[in-house]
Amino acid sequence: MTLKECYEKMEANYDEVIGRLRSERLVQKFALKFLDDPSYQLLITSMEEKNYEEAFRAAHTIKGVCQNLGFTCLGDSSSALTESLRSGWTPEADRLLEQTKADYQNTVTPLQSLKDSQQ
Amino acid sequence: MFLRQSYEAAYHFKEVSFLIMRKPGQNPRILVADDSEMNRAILEEMLGGEYDILQAENGVEAVEMIRLHETELSLVLLDIVMPVMDGFGVLDEMNRTRWIEEIPVIMISAEINPDNIERAYELGVTDFISRPFDALIVHRRVVNTILLYAKQKKLINLVTDQIYEKEQSSSLMIDILSHIVEFRNGESGLHVRHVNLLTAMFLRHLTQHTEKYRFSRTEISLIATASALHDIGKIAIDEKILNKPGRLTTEEFEIMKTHSAIGAQMLRDLPIHQEEPLVKVAYEICRWHHERYDGRGYPDGLKGDEIPIAAQIVALADVYDALTSERVYKPAFSHQKAVEMILAGECGTFNPLLMDSLRGLAGSIQEELLGDNLVRANQREMRNIAEELLRHKELTASERTLQLLEHERMKYSFFADLTKEIQFEYSISPSIVTISAWGAKHLGLPEVIVDPLNNEKACSLLSATDWQRLSEAVRHTTPEDPNLTYDCLIHYIDEPRWVRFVTRSTWSLEEPPQYTGVIGKAVDIHDSQLRLRKLEQMASHDPLTGLLNHSAAQEQIQARIEDAPERNYALAILDLDHFKAANDTFGHHFGDRVLTFLAEKIRQGIRSGDIAARVGGDEFLIFLEYKQDPEPVIQRIYASLRGEYKGFRLSVSMGISTSEDCGTDYDTLFRTADSALYTVKRGGRGAYRFYNHTMERTLSTITPIENQTVKEER
């Protein structure tokens, strides 16, 4: 699997990210690193513990990383989640969390495949 | 986020291995503060080739990093949303410590909230980089910002160096240099300083008094500084000639004369700084400070205005200071003598404009030279600033206002002193009373009292009642009718005195006006008050006997009845039997003394609450209050009036009316008592009688009082 195929699977914009970061090597390196990023786990835990302040920061971090790596889908849903948590919990937050969870899975599964195919 | 740390742990970041310092070396250092390790890594990847990257994962770590690497940091890339302390917290700290002035900050954030962006700019960030990162943009912004700051720092250093060089080194070096020259000359160390001061004085005077010359303060300072170099050429002159006590031979003098050209040449030979204004002016001064206005000087024989004005002035200053200083070949002349000699043309020919300046400055030169110290310099500076300000036309209006104000103030204090009045000004907020100098001294109070209403000494001056009434009266004034007069006693230490407060309340210009305080004065009216009281006394009393006169008695009696109409009163009118005979026999003076004697007896006979008055020539009135029967009191008083004055036996007739019989109307009481008296007189005198209705329609016994204008008599 190539990086480009991976991005297509994620419904992410490969051309855009290469245009910005200017190096396939760099993009691939950080894209794969996303699998190890603890922010998603922190988001899930914080939501379960109703620590919405921490959840906001975690969602914000995911959003920032996704924007940088061009993970459009997850970036959009985490961005919406971030806004719903900016001033504490709001009723949309739970629904948006589910959306973020689904998009996260849709993002990490192709990334994992890419990682596996590299080894 | 890789690390989850408490606030405390964050302070001990050095033990934690998040700190990644790459290739410490000559590369500029950048601190990346972002809670996402991914983001930090991406930035590091983008910039790592050319910069050393330091990392912090929250605000507290970032602040610690800046503290540690302050001077080495070229840039901070700062995220907004971070745990422990966010980006704004870091900016606040950087503002508090003023790092923000030294270290540029670029904010990195996906934040698009305009409030946050504005707040960040207000806190001093240089630029924003928004996510998602564009490698080119990040790189360009970082490079630009670092270059910009580096350039700015370099410029600051450059300017600082130049200023330092110009203002400090140059004047210091010139001082040292000129002292060397003086040392060789055997001159006092003050010569250069004096020439400097005199040069500046002449330059200022020319600027102020001639059309021809206009020197800015910078030019004056430059020329004065350059004047110190006028004799540097003497370095090349043989010490034997330089310090020869006697007269120089012609040859020696020719050698001596070379010093001006030599000094100029030394400056001309300077390898650098030829274009410096200081060097140019110094050259003129060195070369031509021995030229003469009439063309008979050296080395070039320049004439009149061919000689640069700077050199002309230094020449004059040099001559003046040489005359007034002791030299190996001459004693010191007095200031007066030196000025006379120069003006008389004994020491060379000078520009007539400079001679005018010398005349103009003659009175102040000595003082200026003697008082040359820091304070004087500062004062001069102040004056210069003031002069500078005066040149601006837009300031003339306010300056005129200030002059008027100063004039008013002078007038006020002059008149305040002259009038010997206690003048004061009270403002409620802040609560301060200011008392005129004379008034404060007179009252034994300070001129300014803060919170006077709680000042024990101030409060003790008036009685509590007077304070209360006065402040109430003031509070009841209005902007339309702000004036007030209030008389009361001021309790001085030695004696109380009557004063009249004349005040005017002050009001703000707001709508509606707010009461802001009081201005006023307390005039001593003690003497006039005493005179007034005396007049009142005189108006209400009979001058001969000191008893009340009729109208005063009537007023008091009516007031008494009005106060308590239910009580019983008796009014008695009495007269002296055979008084006309006594007058005729012994004369008026005797008669007067008899009346005075009787009045004294009446005064002693009545009780303290009773009223006694003289109502006619020899008629008196007694008014008293009684409980049930007036007779015992009347009888006792009547008995007390018997006696003898120098052989003249006092016999008194008395008629009495009571409120029980005749009512409380004064006129009725008086008329009925008068009728009763008439009845007694008719019945043989020497007795008293109470009025009864049979006495109606009798005549009055009252005779007019002699030598007295009686205000009102029936």
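Residues numbered from 1 in each chain as written. Chains lettered and ligands numbered in written order. Predicted model: local features only at pLDDT ≥ 70, side-chain atom pairs only at ≥ 80, totals over all residues.

**Notes on the overall build of chain B**
- Helices and strands together make up the secondary structure of chain B, namely 26 helices and 18 strands.
- Considering chain B as a whole, with its 714 residues, one finds that 32% of them fall into the buried category.
- Sequence separation of at least 24 residues holds for 59% of the intrachain contacts in chain B that already meet a minimum separation of 6. (Helix = DSSP H or I, 4+ residues; strand = E, 2+ residues; numbered from the N terminus. Buried ≥ 20, exposed ≤ 12 C-beta atoms within 10 Å, placed from the backbone. Contact = placed C-beta atoms within 7 Å.)

**Thoughts on unusual backbone geometry**
Residue and element names in this part refer to chain B.
- Residue Pro299 follows Tyr298 across a cis peptide bond; omega there is 5 degrees.
- Examined against the element boundaries, Pro299 turns out to sit in the loop between α11 (277–288) and α12 (309–324).
- Residues other than glycine seldom take positive phi values, yet Arg98 does so here, at roughly 65 degrees.
- Positionally, Arg98 belongs in the loop between α4 (87–96) and β4 (105–109).
- Residue Arg685 is not a glycine yet carries a positive backbone phi of 70 degrees.
- Relative to the elements of secondary structure, Arg685 occurs in the loop between α26 (666–682) and β18 (688–690).

**Here's the deal with the pairing of strand β17 (residues 652–658) of chain B**
All names here are of chain B.
- Of all seven residues in β17, seven are buried; the element is thus mostly enclosed.
- Along β17, one buried face is formed by Val652, Met654, Ile656 and Thr658 and the opposite face, lined by Ser653, Gly655 and Ser657, is buried too.
- Of the pairings in the sheet, the one linking strand β12 (residues 568–576) to β17 comprises seven bridges and is antiparallel in character. Bridge assignment links Ala570 to a residue of β17, and that residue is Thr658.
- Summarising the sheet, β17 and β18 pair through three bridges and their orientation is parallel. Along β18, the bridge assignment pairs Met654 with Tyr688. (Pairing = 2+ DSSP bridges.)

**Topic: the sheet that holds strand β7 (residues 432–435) of chain B**
Residues and elements named next belong to chain B.
- Read across the open sheet, the six strands follow the order β8-β7-β6-β11-β10-β9; overall the sheet is antiparallel. Strands at the two margins of the open sheet, each flanked by one partner only, are β8 (448–450) and β9 (483–491). On average, each strand axis in the sheet is tilted by 20 degrees relative to the strand beside it, whichever way the strands run.
- As judged from the four bridges shared by strand β6 (residues 422–427) and β7, these two strands associate in the antiparallel manner. By the bridge assignment for β7, Ser427 is matched with Ile432. (Axes fitted to C-alpha atoms, helices over the stretch in contact; angles between N-to-C directions.)

**With respect to the sheet that holds β4 of chain B**
Residues and elements named next belong to chain B.
- Ordered in space as β2-β1-β3-β4-β5, the five strands form an open sheet in which the pairing is parallel. Every interior strand has two partners, whereas the edge strands, β2 (52–56) and β5 (127–130), have only one. Strand-to-strand twist in this sheet, taken as the mean axis angle between neighbours without regard to direction, amounts to 25 degrees.
- Strands in contact with helix α3 (residues 59–69) are β1 (29–33), β2 and β3 (73–79); relative to β1, the strand with the most contacts, it is inclined by about 165 degrees.

**Thoughts on the nonpolar core**
Residue and element names in this part refer to chain B.
- Leu31, Ala33, Ile66, Val76, Leu77 and Val105 are the most contacted members of the largest nonpolar core, which has 74 residues in total.
- In this structure Ile66 touches Leu31, Leu73, Val76, Met94, Trp99 and Ile103, once residues within four positions along its chain are discounted.
- Counting residues in each nonpolar core, the second largest holds 49 residues, with Leu548, Ile637, Ile656 and Tyr678 among its members. (Core = buried A, V, L, I, M, F, W, Y, C linked by C-beta atoms within 7 Å.)

**Remarks on the interface of chain A and chain B**
- Contact residues are listed per partner, giving 20 residues for chain A and 18 residues for chain B.
- Elements with a contribution of two residues or more to the side of chain A that touches chain B: α2 (14–21), α3 (24–33), α4 (39–48) and α5 (52–69) of chain A.
- Tallying contributions element by element places α5 of chain A first for the side of chain A that touches chain B, with eight residues.

**Here's the deal with the confidence of the model for chain B**
Residue and element names in this part refer to chain B.
- Across chain B, the average pLDDT comes to 80, with 83% of residues at or above 70.
- Throughout residues 1–25 the model reports pLDDT below 50, and contacts reaching past four residues in sequence, or to other chains, amount to 37 contacts.
- Confidence over residues 707–714 falls short of pLDDT 50; this stretch has five contacts with residues more than four positions distant or in other chains.
- Listed scores for the predicted complex are pTM 0.36 and ipTM 0.80. (pLDDT = per-residue confidence, 0-100.)

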